[in-house]
Structure formats: C-alpha cells, structure tokens
Amino acid sequence: PAVAGPSEFRVRTSRKIERLDITKQVEEAAREVGGGAGALLVSTPHTTAAGTVGEAWDPDVTGDIERALEAWVPNVRFDHGEGNSPAHFLSEAIGVSRLVPCADGKLSLGRWQGIFLIELDGPRERTVRVTRLG
C-alpha cells in the first residue's frame, strides 16, 4: 500500500495525567498527507503518553477517564528509578498509536468520537505523528 510521509504537530500538556482532544490537529494533518480512502496511523513517539479514540461529545467523560487512569495503578512496587513507572505501564497498556479510517482526506469517525492524546507524566511537550496508509 501507498504510504505518505508523516505530518507532525506538538501538543503542550499542563497536568500529570491529562486527556487532550487532538481531533482538529489530526484533521489538519490528514489534509497535509492527502489521499483517498485508507487509514491514518496516529502515533506518539513517547513512552509515557498514549493515544486513543473515544467519546468526544460529553466533557465529563474526560474527567472520568483521567480519574480512572490515576486509580488504575494501585500501590505497586516498581524498580525504575525515575518514579514514573505507572506512566510507562499505562502507556503500554493503552498503546501509543491508533488506526483511524479516512476517505477523501477526511476522518471517518463515529458521531461522538474524537482522537485523544493521553498525557501520563506531564506537564510536557508531546509530538503526534500522522501517517497516511493505503
């Protein structure tokens, strides 16, 4: 399949755990990489962040998810010296990339869906890459 080189953008986070709607930035990147029908690989090259597709309509969902992520890792003994092992665990459990269908350079999301960067060890500046596949 045809692959267009990635488009990148940066996102500044402001809290330790934060769910940020990046749908508009991904839409702009989708226009940059062009194309017809296929999929976009939306990824973040970080070991303490993640990417998801989820509910984007009700803002209460973001707070609910952030609180759930904070509680997801119980009092576990980690050996990693930096103290951010829970963020590494959550990044691996959630995943750092998502495939998003697209057609004619537009995202094919469900009515209530959006694309989110999940910060797990903020605040930081994060990179998001969008690559067209197919």
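A look at the overall build of the protein
Alright, step 1. Of the regular secondary structure elements, the protein holds three helices and eight strands.
Alright, step 2. Counting helices and strands in the order they occur from the N terminus, the protein gives β-β-α-β-β-α-α-β-β-β-β.
Alright, step 3. Rg of the C-alpha trace for the protein: 15 Å, near the compact-globule value of 14 Å for 134 residues, within the 12% margin.
Alright, step 4. Dimensions of the protein along its principal axes, counting C-alpha atoms only, are 50 × 30 × 25 Å.
Alright, step 5. In the protein, buried positions account for 43% of the 134 residues.
Alright, step 6. For the protein, contacts bridging at least 24 residues in sequence account for 86% of all contacts bridging at least 6.
Alright, step 7. Across the protein, the 16 positively charged side chains and the 19 negatively charged ones have centroids separated by 3 Å.

Side note on a nonpolar patch on the surface
Alright, step 1. A surface patch of nonpolar side chains, about 370 Å² in accessible area, is lined by Trp72, Val76, Phe78 and Phe89.
Alright, step 2. Along the chain, the position of valine 76 falls in the loop between helix 2 (60–72) and helix 3 (85–94).
Alright, step 3. Residue valine 76 is classed as partly exposed on the basis of its relative accessible area, which comes to 40%.

Quick word on the side chain of glutamate 18
Alright, step 1. With respect to the helices and strands, the residue glutamate 18 is situated in strand 2 (residues 18–21).
Alright, step 2. Within the local environment of glutamate 18, its side chain forms a polar contact with the backbone nitrogen of arginine 15, the two atoms lying 3.1 Å apart.
Alright, step 3. Look past the residues within four positions of glutamate 18 in its chain and what remains in contact with it is Thr13, Glu66, Leu117, Ile118 and Glu119.

Side note on empty space enclosed by the protein
Alright, step 1. On inspection of all chains with the given rule, the structure shows one cavity of 30 Å³ or more.
Alright, step 2. Here the largest cavity defines a volume of roughly 70 Å³.
Alright, step 3. Taken together, 13 residues make up the lining of the largest cavity; nearest its centre are Ile22, Val42, Ser43, Gly51 and Phe116.
Alright, step 4. For the lining of the largest cavity, the elements supplying multiple residues, two or more each, are strand 3 (38–43), strand 4 (49–55) and strand 7 (113–119).
Alright, step 5. Partitioned by chemical class, the residues of the lining of the largest cavity number eight nonpolar, four polar and one charged.

So, the sheet that holds strand 7
Alright, step 1. In spatial order, the strands read 2-7-4; together these three strands make up an open sheet with antiparallel pairing. The sheet terminates laterally at strand 2 and strand 4, the two strands that pair on one side only. Within this sheet the neighbouring strands show an average axis-to-axis angle of 30°, counted without direction.
Alright, step 2. Pairing of strand 2 with strand 7, which is carried by four bridges, proceeds in the antiparallel orientation. Along strand 7, the bridge assignment pairs aspartate 21 with phenylalanine 116.

The rules behind each value
Residues numbered from 1 in each chain as written. Predicted model: local features only at pLDDT ≥ 70, side-chain atom pairs only at ≥ 80, totals over all residues. Heavy atoms only, no water. Helix = DSSP H or I, 4+ residues; strand = E, 2+ residues; numbered from the N terminus. Rg over C-alpha atoms; globule rule 2.2 N^0.38 Å. Buried < 20%, exposed > 50% of the residue type's maximum accessible area, 1.4 Å probe, protein only. Contact = heavy atoms within 4.5 Å. Lys, Arg positive; Asp, Glu negative; His and termini not counted. Charge placed at Lys NZ, Arg CZ, Asp CG, Glu CD. Patch = residues over 30% accessible without salt bridge, like charges linked within 9 Å, V, L, I, M, F, W, Y side chains within 5 Å. Areas by Shrake-Rupley, 256 points an atom, 1.4 Å probe, with all protein chains shown as cover. Salt bridge = Lys/Arg side-chain N within 4 Å of Asp/Glu carboxyl O. Polar contact = N/O pair within 3.5 Å; in protein donor to acceptor, adjacent residues only side chain to side chain. 1 Å grid on protein atoms, 1.4 Å probe; cavity = no way out; pocket = protein on both sides within 12 Å on 5 of 7 lines; lining within 4 Å. Points joined across faces, edges and corners; volume = space filled by probe spheres on them. Nonpolar A, V, L, I, M, F, W, Y, C, P; charged D, E, K, R; others polar. Pairing = 2+ DSSP bridges. Axes fitted to C-alpha atoms, helices over the stretch in contact; angles between N-to-C directions.

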